[in-house]
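# Descriptive analysis of the structure
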Amino acid sequence: MLQINNVTKTFQNTRAVRDLSFDAGPGEICGVLGPNGSGKTTTIRMILSIIAPDSGSILWNGLPVAYETLTNIGYLPEERGLYRKSKIGDVLSYFASLKRMSAAQARPAIGKWLERFGLKGMENRKIEELSKGNQQKAQFIAAALHKPDLLILDEPFSGLDPINQIIFRDVAREIADEGAAIIFCTHQLEPAETFCDRFVILNKGRAALNGTLEEIRAKNKKNIIRIEFAAPPDNELINRISGLPFMKNATAKGCELKCEIADDATLNDIAGATLPYARILTIETEKSSLLSIFLNAVGANDYTAIEGAGDENR
């Protein structure tokens, strides 16, 4: 198990990570989310012992991360780090040797992975000759080839079409099911919502939220209802609904209207107050999406910084 305990890291006058704590256990995919500057990259670098925390501890199976631990960690960085002039087979063999795999162990494993990702027969192709998507596949193989106990994936879907994103998710889930802990850093909230078992949402170096989706929903509960009318609601109806004492923030799109209701309000209250003015087809509660939870945790204005974003400064 990876344990990050009260970790803090400061660069000159900038505190990149503040008293951060979270765990990632065997068989678990932990999504680490946050806008640029939230501390994701700094946290990864501390886990990999590239930099050391100023205070707190990072443990793997109860012991500080050391050289022996690093051989059991796989890392797919956001920026591609393969040797572009080298052949795929040579690059993967080299990365396998860094993780103490013998040539006899690496050769069949490389063949298996290349076939799984549709790269069979490309062993002698240079990295620079591959498409961006195939380069990302090769980099994933380099990270996972040695069957790490901890696999860190930083924006793994970069350059991948939807079909290959599904393949990546399936492979990562298989790796987790075999007992590995996976740290999944991404700006793409939609795939993370269905892919991850738990989440750490970072904001300004702190863990704004930490837990499963249901746990963080419970901590950030908003009672949202969706009403479908027989005809699109006009402004008068929207204003009437918004004016009810137990409803607020009503927004309409087509025949649908969404609004937030008070904790003690019921669907019957909503229907009873609305039916005299419009015909309702359906009325139901709606769970908060990961996106809405994220925006609430980090602030909607901060989210604009992560759309199409690249590396963090820290």
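Below is a summary of the structure that appears in this document. (Residues numbered from 1 in each chain as written. Predicted model: local features only at pLDDT ≥ 70, side-chain atom pairs only at ≥ 80, totals over all residues. Heavy atoms only, no water.)

### What about a nonpolar patch on the surface?
A contiguous nonpolar surface patch, about 310 Å² in accessible area, is contributed by Tyr83, Tyr94 and Leu98. Looking at the element boundaries, Tyr94 is found in helix α3 (residues 88–98). On the basis of relative accessibility, which here comes to 40%, the residue Tyr94 falls in the partly exposed class. (Patch = residues over 30% accessible without salt bridge, like charges linked within 9 Å, V, L, I, M, F, W, Y side chains within 5 Å. Areas by Shrake-Rupley, 256 points an atom, 1.4 Å probe, with all protein chains shown as cover. Salt bridge = Lys/Arg side-chain N within 4 Å of Asp/Glu carboxyl O. Helix = DSSP H or I, 4+ residues; strand = E, 2+ residues; numbered from the N terminus. Buried < 20%, exposed > 50% of the residue type's maximum accessible area, 1.4 Å probe, protein only.)

### Topic: the pairing of strand β10 (residues 206–211)
Of the strand pairs in this sheet, strand β9 (residues 198–203) and β10 are connected by 5 bridges, and their pairing is antiparallel. From the neighbouring strand, Ile201 faces β10, where its bridge partner is Leu209. The turn joining β9 and β10, which pair antiparallel and follow one another in sequence, is formed by 2 residues; a positive phi near 55° is taken by Lys204. (Pairing = 2+ DSSP bridges.)

### Digging into unusual backbone geometry
At Asp19, a residue that is not glycine, the phi angle is positive and equals roughly 50°. With respect to the helices and strands, Asp19 occurs in strand β2 (residues 14–24).

### Some words on the pattern of salt bridges
One pass over the structure, following the stated rule, counts 8 salt bridges. Between Asp54 and Lys9 there is a salt bridge; the shortest N-O distance is 3.5 Å. Here Asp54, found in the loop between α1 (40–47) and β4 (55–60), pairs with Lys9, found in strand β1 (residues 2–11); they are 45 residues apart in sequence, far enough to count as distant. The exposure class of Asp54 is partly exposed, given its relative accessible area of 45%. Glu284 is paired through a salt bridge with Arg226; the nearest N and O atoms lie 2.6 Å apart.

### Side note on the pairing of strand β11 (residues 224–229)
Counting buried positions along β11 gives 5 out of 6 residues, so the element sits mostly inside the fold. For β11 and strand β13 (residues 256–261), the ladder comprises 5 bridges, and the chain directions are antiparallel. By the bridge assignment for β13, Ile224 is matched with Glu260. Pairing of β11 with strand β14 (residues 280–286) involves 6 bridges; the strand directions are antiparallel. Its bridge partner being in β14, Ile227 is matched across the sheet by Ile283.

### Digging into the packing of helix α5 (residues 132–144) against helix α6 (residues 162–177)
Where α5 contacts α6, the axes come no closer than 12 Å and their chain directions differ by 5°. The angle between α5 and α6 falls in the class roughly parallel. Across the interface between the two elements, Gln136, Lys137, Phe140 and Ala144 from α5 touch Asn164, Phe168, Val171 and Ile175 from α6. Its residues assigned to classes, the contact of α5 with α6 comprises 5 nonpolar, 2 polar and 1 charged. (Axes fitted to C-alpha atoms, helices over the stretch in contact; angles between N-to-C directions. Parallel < 35°, antiparallel > 145°, perpendicular 65-115°, else oblique. Contact = heavy atoms within 4.5 Å. Nonpolar A, V, L, I, M, F, W, Y, C, P; charged D, E, K, R; others polar.)

### Digging into the packing of aromatic side chains
What the rule picks out here adds up to 11 aromatic pairs. Both rings, one in Tyr83 and one in Phe95, keep their centres 6.4 Å apart while their planes meet at 35°; by these two values the pair is tilted. Here Tyr83 is found in the loop between β6 (73–76) and α3, whereas its partner Phe95 is found in helix α3, with 12 residues between them in sequence. When its relative accessible area of 45% is taken as the criterion, Tyr83 is described as partly exposed. (Phe/Tyr/Trp six-rings, centres within 6.5 Å; stacked < 30°, edge-to-face > 60°.)

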